[in-house]
Amino acid sequence: MKSFLSLFLLVFLVSATLVAQHKVTGKVIDEMGDPVPGVNVIEKGNNVNGTITNIDGVYTLEAESGEASLTFSFIGFKQQEVAIAGQSVVNVTLISDITGLDEVVVTALGIKREKKALGYAVQDVKAEQLTQSGDANLVSSLQGKVAGVQINQAGTGVGGTSRIEIRGASSLSDNNSPLWIVDGVPFDDGNSRNGSEWGGTSRAGGAFDLNPEDIESVSVLKGPSAAALYGERGGNGVILVTTKKGTKGSGLGINYAGSVTISEAAYMLDLQEKYGQGTDGEYSNEAVSSWGPEMEGQMFESWTGETIPFEVQKDRLKDFTRTGVSQNHNISMHNGNDDGSYRVSVGKNMLEGIYEGHEVDKTSFDLRADYNINSWLNVDTKFSYFLTEGKERPEIGNYSYVSYFNTMPMNIRNQDLEPGYDIIEAKHVEKLYTTAGPNYRNPYFLQAQTTNEDTKNRFFGYAAANITITSDLKAKFKYGMDFFNFRATEGYLYSDNVDSSRRPSYRSEQSSFKEENYEFLLSYNKQLNEDFQLGLNVGANTMNRYERGLSTSSGKLSSEDDYFLEAGANIEAWEDITEQETRSIYGFGQLAYRGMLYLDLTARNDWSSTLTAQDADFDNSYFYPSVSLSGIVSEMIALPSWVSFAKLRGSWAKVGKATDPYQTSENYTLETWNYGYTIGNVPITQVFKDLKPELSTSWELGADVRLFNGRIGLDMTYYNEETKNQILEVEGVQSSGYPYRLINAGLIQNKGLEVMLSTVPIKTNDFKLGLDFNFAKNKGTLEELEDKNDPTALKEFTFGRSIWAVEGGKLGDIRGTIYVRDDQGRLVVGEDDGLPIRTESSDNVIGNMQADWTGSINLRADYKGIFLGALVSVQQGGDVVSLAEQGATSAGTAKRTLKDDRMSFFVDGVTADGSANHTITTAEDYFSHIATVDEEFVYDASHMKLKEVVLGYNIPQSFFNKIPNNPVKSARISFVGRNLLYFYKDTPYCTRCRSL
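Residues numbered from 1 in each chain as written. Predicted model: local features only at pLDDT ≥ 70, side-chain atom pairs only at ≥ 80, totals over all residues. Heavy atoms only, no water.

> Could you give an account of the overall build of the chain, with specific residues and numbers?
Counting secondary structure elements, the chain contains 11 helices and 52 strands. Oriented by its inertia axes, the alpha-carbon framework of the chain measures out at about 105 × 75 × 65 Å. The 996 residues of the chain split such that 52% are buried. Taking contacts inside the chain between residues at least 6 apart in sequence as the whole, the part at least 24 apart equals 68%. Put simply, the chain shows about 43,800 Å² of open surface, and 53% of that area lies on carbon and sulfur atoms. (Helix = DSSP H or I, 4+ residues; strand = E, 2+ residues; numbered from the N terminus. Buried < 20%, exposed > 50% of the residue type's maximum accessible area, 1.4 Å probe, protein only. Contact = heavy atoms within 4.5 Å. Areas by Shrake-Rupley, 256 points an atom, 1.4 Å probe, with all protein chains shown as cover.)

> Give me helix α10 (residues 923-930): which residues, what numbers.
Among the residues of α10, those classed as buried are Ala 923, Glu 924, Tyr 926, Phe 927 and Ile 930. The arc that holds every buried residue of α10, seen down its axis, measures 165°, which confines them to one face. Summarising the contacts, the buried residues of α10 are in contact with α9 (883-891), β48 (905-906) and β49 (920-921). (Arc of directions from axis to C-beta.)

> Just give me the short version of the nonpolar core, but keep the residues and values in it.
The biggest cluster of nonpolar side chains holds 25 residues, and the ones touching the most others in it are Leu 138, Trp 180, Leu 210, Val 218 and Val 241. Those elements that provide at least two residues to this core are α2 (138-141), β11 (149-153), β12 (162-166), β13 (179-182), β15 (215-221), β16 (238-243) and β26 (450-468). Filtering out sequence-adjacent residues up to four positions away, Val 218 remains in contact with Gln 123, Asp 124, Val 125, Leu 130, Leu 138, Leu 142, Ile 239, Leu 240 and Val 241. Tyr 120, Val 122, Val 238 and Leu 240 belong to the second largest nonpolar core, which has 20 residues in total. (Core = buried A, V, L, I, M, F, W, Y, C linked by side-chain atoms within 4.5 Å.)

> Any chance you could break down the environment of Gly 340 for me, citing the residues and the numbers?
Structurally, Gly 340 can be placed in strand β21 (residues 340-352). Judged by relative accessible area, which is 5%, Gly 340 ranks as buried. Along the sequence, Gly 340 and Thr 247 sit 93 residues apart, while their C-alpha atoms lie 8.0 Å from each other. Look past the residues within four positions of Gly 340 in its chain and what remains in contact with it is Lys 248, Asp 370 and Tyr 371.

> Could you give an account of the sheet that holds strand β14 (residues 185-186), with specific residues and numbers?
Strand order in the open sheet formed by 5 strands is β10-β15-β16-β13-β14, and the pairing between neighbours is mixed. Each edge of the sheet is formed by a strand with only one pairing partner; in this case those strands are β10 (122-126) and β14. (Pairing = 2+ DSSP bridges.)

> Lay out the packing of aromatic side chains in plain terms, naming residues and giving numbers.
Overall, the coordinates contain 30 aromatic pairs when judged by the stated rule. Plain terms: the ring middles of Tyr 385 and Phe 459 are 5.1 Å apart, the flat faces sit at 45° to each other, and that makes the pair tilted. With Tyr 385 in strand β23 (residues 377-391) and Phe 459 in strand β26, the pair connects residues that are 74 residues apart, well separated along the chain. Taken together, a centroid distance of 5.9 Å and an interplanar angle of 25° make the contact between Trp 642 and Phe 708 stacked. Taken together, the residues Trp 642 in the loop between α8 (633-636) and β33 (643-657) and Phe 708 in the loop between β37 (694-707) and β38 (712-731) connect sequence positions 66 residues apart. What makes Trp 642 partly exposed here is its relative accessible area of 43%. Using a relative accessible area of 44% as the deciding quantity, one classes Phe 708 as partly exposed. A network of ring pairs unites the aromatic residues Phe 320, Tyr 355, Tyr 401, Phe 405 and Tyr 444 as a single cluster. Sitting over the face of the ring of Tyr 492, Arg 503 holds its NZ or CZ atom 3.9 Å from the ring centroid. (Phe/Tyr/Trp six-rings, centres within 6.5 Å; stacked < 30°, edge-to-face > 60°. Lys NZ or Arg CZ within 6 Å of the ring centre and 35° of its normal.)

> How would you explain the side chain of Thr 131 if you had to name every residue and give the values?
By the element assignment, Thr 131 lies in helix α1 (residues 127-131). Here the side chain of Thr 131 touches Ala 127 through a polar contact of 3.0 Å, landing on its backbone oxygen. Sequence-distant contacts of Thr 131, that is, excluding residues within four places in its chain, are made with Pro 212 and Glu 213. (Polar contact = N/O pair within 3.5 Å; in protein donor to acceptor, adjacent residues only side chain to side chain.)

> Can you lay out empty space enclosed by the protein for me, pointing to particular residues and giving the numbers?
Throughout the structure, instances matching the rule amount to 12 cavities of 30 Å³ or more. One number sums up the size of the largest cavity: a volume of about 270 Å³. Of all elements in the fold, only β11, β40 (767-784), β45 (853-863), β46 (866-876) and β51 (943-955) reach the threshold of two or more residues within the lining of the largest cavity. Examining the composition of the lining of the largest cavity, we find that 4 residues originate from one element, β11, more than from any other. When the residues that make up the lining of the largest cavity are grouped by side-chain class, the tally is 7 nonpolar, 12 polar and 2 charged. (1 Å grid on protein atoms, 1.4 Å probe; cavity = no way out; pocket = protein on both sides within 12 Å on 5 of 7 lines; lining within 4 Å. Points joined across faces, edges and corners; volume = space filled by probe spheres on them. Nonpolar A, V, L, I, M, F, W, Y, C, P; charged D, E, K, R; others polar.)

> Tell me what's going on with the pairing of β33, and back it up with residues and numbers.
Most of β33 is tucked away: 11 of the 15 residues are buried. Examined bridge by bridge, strand β32 (residues 621-632) and β33 share 7 bridges and lie antiparallel to one another. Looking across to β33, one finds that Ser 630 is bridged to Arg 649. Strand direction decides the pairing type here: β33 and β37, joined by 14 bridges, are antiparallel. Looking at the pairing, Phe 645 lines up with Arg 706 of β37.

> How would you sum up the domain arrangement of the chain? Please name residues and give values.
Once the domains are mapped, the chain shows domain 1 (22-93) and domain 2 (104-246). Distance between the C-alpha centres of domain 1 and domain 2: 38 Å. (Domains from an automatic or database assignment.)

> Please provide a residue-by-residue account of α9, values included.
Regarding α9, the residues found buried are Glu 885, Gln 886, Ala 888, Thr 889 and Ala 891. Phi turns positive, to about 80°, at Gly 892, one or two residues after α9.

> Explain the pattern of salt bridges to me, and be specific about the residues and the numbers.
Summed over all chains, the structure comprises 43 salt bridges. Residue Glu 515 is joined to Arg 545 by a salt bridge in which the shortest nitrogen-to-oxygen separation is 2.8 Å. Here Arg 545 lies in strand β29 (residues 532-556) and Glu 515 lies in strand β28 (residues 505-527), a separation of 30 residues in the sequence. For Glu 515, a relative accessible area of 3% puts it in the buried group. One salt bridge in this structure joins Asp 843 and Arg 815, with 2.1 Å as the shortest N-O distance. Here Asp 843, found in the loop between β43 (811-816) and β44 (844-848), pairs with Arg 815, found in strand β43; they are 28 residues apart in sequence, far enough to count as distant. According to the relative accessible area criterion, Asp 843 is partly exposed, its value standing at 44%. Taken together, the shared-partner salt bridges connect Arg 167, Lys 222, Glu 700 and Glu 754 into one network. (Salt bridge = Lys/Arg side-chain N within 4 Å of Asp/Glu carboxyl O.)

> Explain the pairing of strand β31 (residues 597-608) residue by residue, including any values.
With 12 bridges connecting them, strand β30 (residues 572-593) and β31 associate as antiparallel partners. In the strand pairing of β31, Ile 585 is matched with Asn 605. The loop that links β30 with its antiparallel partner β31 comprises 3 residues; one of these, Arg 594, has a positive phi angle of about 50°. The sheet contact formed by β31 and β32 spans 11 bridges and is antiparallel. Across the sheet, residue Thr 602 finds its bridge partner in β32, namely Ser 626.

> Break down the sheet that holds strand β7 (residues 92-93) for me, citing the residues and quoting the values.
Pairing is mixed across the open sheet formed by 3 strands, whose spatial order is β4-β1-β7. In this open sheet, the two edge strands, each paired with only one partner strand, are β4 (58-63) and β7. Here strand β1 (residues 22-29) runs beside β7; their pairing, made up of 2 bridges, is parallel. Pairing of Ile 29 across the sheet is with Thr 93, part of β7.

> Got a sec to walk through the confidence of the model for the chain? Specific residues and values, please.
In this model, the chain carries an average pLDDT of 86, and 92% of its residues clear a pLDDT of 70 or more. Long-range and interchain partners of residues 98-102, a stretch whose pLDDT sits below 50, account for 15 contacts in this model, where long-range means more than four residues apart. Note on residues 991-996: pLDDT is under 50 here. Beyond four places in sequence and across chains, it has 31 contacts. (pLDDT = per-residue confidence, 0-100.)

> Provide a residue-level description of the environment of Val 58, including the pertinent values.
Inspection of the secondary structure assignment puts Val 58 in strand β4. Taking relative accessible area as the criterion, Val 58 reaches 28% and is therefore assigned partly exposed. With 29 residues separating them in the primary sequence, Val 58 and Ile 29 have C-alpha atoms 9.0 Å apart.

> Talk me through a negative patch on the surface; I want residue IDs and the actual numbers.
Residues Asp 280, Glu 282, Glu 831, Asp 832, Asp 833, Asp 913 and Asp 925 make up a contiguous surface patch of negative charge. Among the secondary structure elements, Asp 913 is positioned in the loop between β48 and β49. Given the relative accessible area of 56%, Asp 913 is considered exposed. (Patch = residues over 30% accessible without salt bridge, like charges linked within 9 Å, V, L, I, M, F, W, Y side chains within 5 Å. Lys, Arg positive; Asp, Glu negative; His and termini not counted. Charge placed at Lys NZ, Arg CZ, Asp CG, Glu CD.)

> Any details on unusual backbone geometry? Residues and values, ideally.
Geometrically, the link from Glu 418 to Pro 419 is a cis peptide bond, its omega value of -5° lying close to zero. Within the secondary structure layout, Pro 419 lies in the loop between α6 (414-417) and β24 (421-424). Residue Pro 504 is bonded to the preceding Arg 503 through a cis peptide linkage, with omega at 5°. With respect to the helices and strands, Pro 504 occurs in the loop between β27 (473-492) and β28. You will see that Tyr 267, though not glycine, has its phi angle at about 60°, which is positive. Residue position: Tyr 267 is located in the loop between β17 (253-263) and β18 (299-301). With phi around 55°, Asn 979 is a residue other than glycine that occupies positive phi space. Of note, Asn 979 is situated in strand β52 (residues 971-985). For Asn 979, a relative accessible area of 25% puts it in the partly exposed group.

Structural data, given as C-alpha cells:
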C-alpha cells in the first residue's frame, strides 16, 4: 500500500489473555515500508488470544508457546500466517489485496483513520489517477473522478479558471468554493481572475500552483459532517491534499517523470459555408454580415481593393490558432533510515496555449522531512516554493478572438487580415473589412494590440513537533504558513477606433497574501478493555490573514513607444489592505466497540474578527457540532459468504461560512482623482452590525458493501443540507440614505444521492479488468428569502446577468426574452412583417443550469505490463444558452441560417387576432430578428465525453537486469489523450468543458 496508509489515531493494545507462556513483539508494515496500525494479530487456534497493532504498527502478544503461529489480518491486505519458531521478534510485511478499499484515509485536521470507522462520505483519488494523464493542473485532473464534485473550466486553455462545487451551490453570494488543505495546513485558492461574457482574461486560482507529481492522494470531504472540524471555513466541503514523503529505512531513491503534450483547437461553433459577404442576397465589400450571394468562385472586388475569387474560407479560427506543445518534468529524491526520512523534488511545467504567445510556466520545489529527535520527540517539516508565470492570456467572452471569427463574413481571408495592422505615420492602424467598432474587430490586430503578463512567487510550509507523553497520550504543536507575492501588468500597445481616448494604456497590479496558522492538538487513545477503544482529542487554532493590494492605471499613454505608467495622461492608483483573525477551540472523540461499531462526536467554536462590529458588543462566537455513527454489519451478523464487507453509516452536523472583512463597520476610503486630487468616498452599503455567518446543517445516510472478495463494491450516500443566514447585498431602504444594505436572509436546500460502484469483472494471472462508475444527483432549491409575512420582502435574487433564484424554485433559473404565444401555444407574428413577436421583458424563465445527474465511467485494464485506462464523463440535463450562436445567427454565419436554402417563407404562426399569417419574410429578416430571442438558443447540456485515455507499458525488471550495475528499479512509458471526442451532445459547440 502507499505511504498515506499510515495512521495516527490508534494506540498500542494489550491482550487480555493471561495464560500465555511466550512473549513476542514485532512491527507490521506495508509494501512501502510504512507501519500499518489496527492490524488484527491472533494466535492460531486460540481466537481469544489476540491484539491490534498500535499507531507505529507495533504489537505485543503472549502466545501459549514458542511453537505457535500468528495470523495477521487487515481489510485491504492479504491475511498472513507466520510461525513464531521460538523467536521473540516477528516482523511482517502485509501485501495489498484486490478489495479496492482505501482502508485508511485522510480526514479533518490531516488525521488518518480507518475508512470503515467513518460515519460520513469521503472519496479518495490516488497519485496514479492524478498523474497518469500528464495534466499539470491538479484541479482539472480531478474532473470526473469524484462523485458529487462539479468542475467547470474556462475556455482559455492552459492556466484558465476552474470552478469547483461540492454537492451543488449553497450560497446566493457565490460563496461556494471548497477549502483546500495541504498536509493539514490551509492552502489559499484565491488570486484567480474570471472573465465574463463582456471580456477579460481568465487566470487559475491558487490550487493550480500545486505540482501533481508531489501529491500522494486527494481526499474530498463532501459534506458538513466530514468538514465540521473546520468550522466557519468548512461549509463548502474540504479538499485534503496529502503530499509524498520519504520512507523510513528505504534507502536512497531517485524518480523522474516527464511528459510532452500536444494540444489543438477543437469543438468550435458550427458555421455555414455557402453564403458570403453582403445583404439581401447581393454582394457588398462593405457589408459586415454573410447575407450575400452564394460563394461559387465569382470574381469580386474585395475590401482590400483586389479582385479575388468569392470563396468560403474554411477553418479560419483553426488557422489562427497554433499547436500548443507543453512539457512537464519532475525529479525527486528520497531517503530514510530508522530515525527519519526526507523527500525533495523539483518540477518544471512549460505550458503552451493554442494562441500565439500564450504561455504559462510553473516551477516548483518541495521538501518534506521528519526525524525522531529521541524516543518522545518527532519533528516534521515541509517547505514548498512555487513560481507561476503567465503571459498573453487570451480575451474571453463577446469580445474574444473566437467571437469575432464567428461573426465575420465567411469569405474574408486570414491572409488579408494579417498581420492585423498597417503602419501609417509611425502608428499601428487596424486593418479591417469595415470601420472598427466593438462588434467588428480584426483578431490579428487584437492579438498584437493587447498584452499581459503575471508572476506569482509563493512560499508554503509548516513545522510540527509531535510529542509522545505516554503510550496513550500524545501532543502536537504545529505552525503553518502560506505566503505569496503577485505582480501583473496588462494594457493596449496601440490606439484604435473603439476607444481612442483611452488607448494605448497601461495597468498594473501588485498584491501580497499571508496566512499563518498556529495549532495545538492533544490526543488520548486507549484500549479500555477487550470490547471498547476510546480516542479523545482537544485542540486550538489561531488563524491570522493579511492581504494588501495596489492597482494603478495610466489613462491614455503619450505614444505607442511609451508603455509604462508615468507616460499616462491620467494616472490613478488604488490600494487595499485587509486583515482578519479567527480563534478556534475544538474537540473530537471516537468510541469503538469490537471493531464493528464506531461513534464519533466533534465540536468546534470559532471567534471571528470579520463578524465583530467596532462600535458594538455583538457576539462573534459560533459553535459547530457533529455526530456520526458507523456500523460494520458484516461483523455483527452472519452474511452469505459472497458478502465480503457491509457497513451502514449516518451523520449530522453544522458548519459555517464566514464573510469578508469589514462588513460590520462602515469604511471610508480615499482615492486619487483627476489632476492629482485626493477625494474621500462615503460607504454606499449600510452595514449589518449583527451579521452572522452562513450556517449549513446537514444529515446523511450511507452504505458501503463489498462482494465476492472485493470484486464488486458499492458505496451509496443520501444527503440533505440546508444553508441559512445567506449574506446578501440588496437594495437599500430609501429613508436610510444608502443605495444598498447587507442582510442575513434566505434558506437554500441541497439534497441528493451519490453512488460509487467499483468492479473487477476479470482477474487472471495475466489479465485484470476494472470498471468503476460514479453517479451523483443533486437538487438545489431556494426555500425562502426574507420573512414570508413581510409584503416588502425579497422573493427572488439574481446571481448575475440572466441567472436567478426564485423563492420556492430551483437555483440557477436562466431568464431571457421569449416568443409571444397565444392560448394554444402558437407563435404570434406581426401583421406587417410576419415575424415572430418577442416579449419586451427579459424576465422570463427559459431554462435552468442544474443538471439532473452527473457521472463517470473509469476503465482500467492490465495485461502482462501493458495497461489501458479510459475516463468517460457524463451529464444528463441542465440547460445552456449559446450566446456564440446567437451572435452568429444575426450575422448570417451560423449553420442554422441555411434553413430551406434561404428561400423566403411564411412563419408558422398567427396574428394577434388569431388569423393565419399571410406575410412572407426573407431568411435575413427572420434570422436577424430571432437572434434577439433568447429562448431560441437554449440547449440541453446533456453529453457524454471521452475525457481521458491512457495506454502504456511497464517495462519489466528483467530488461534492466541485463544492464551492468543497473540503478533502475522500475520504469513505464505511456501515451495520453484528453478531451478527445463526444459520444453525444446537443449543443452546437463544446459543452461544459468549453476548453479548446
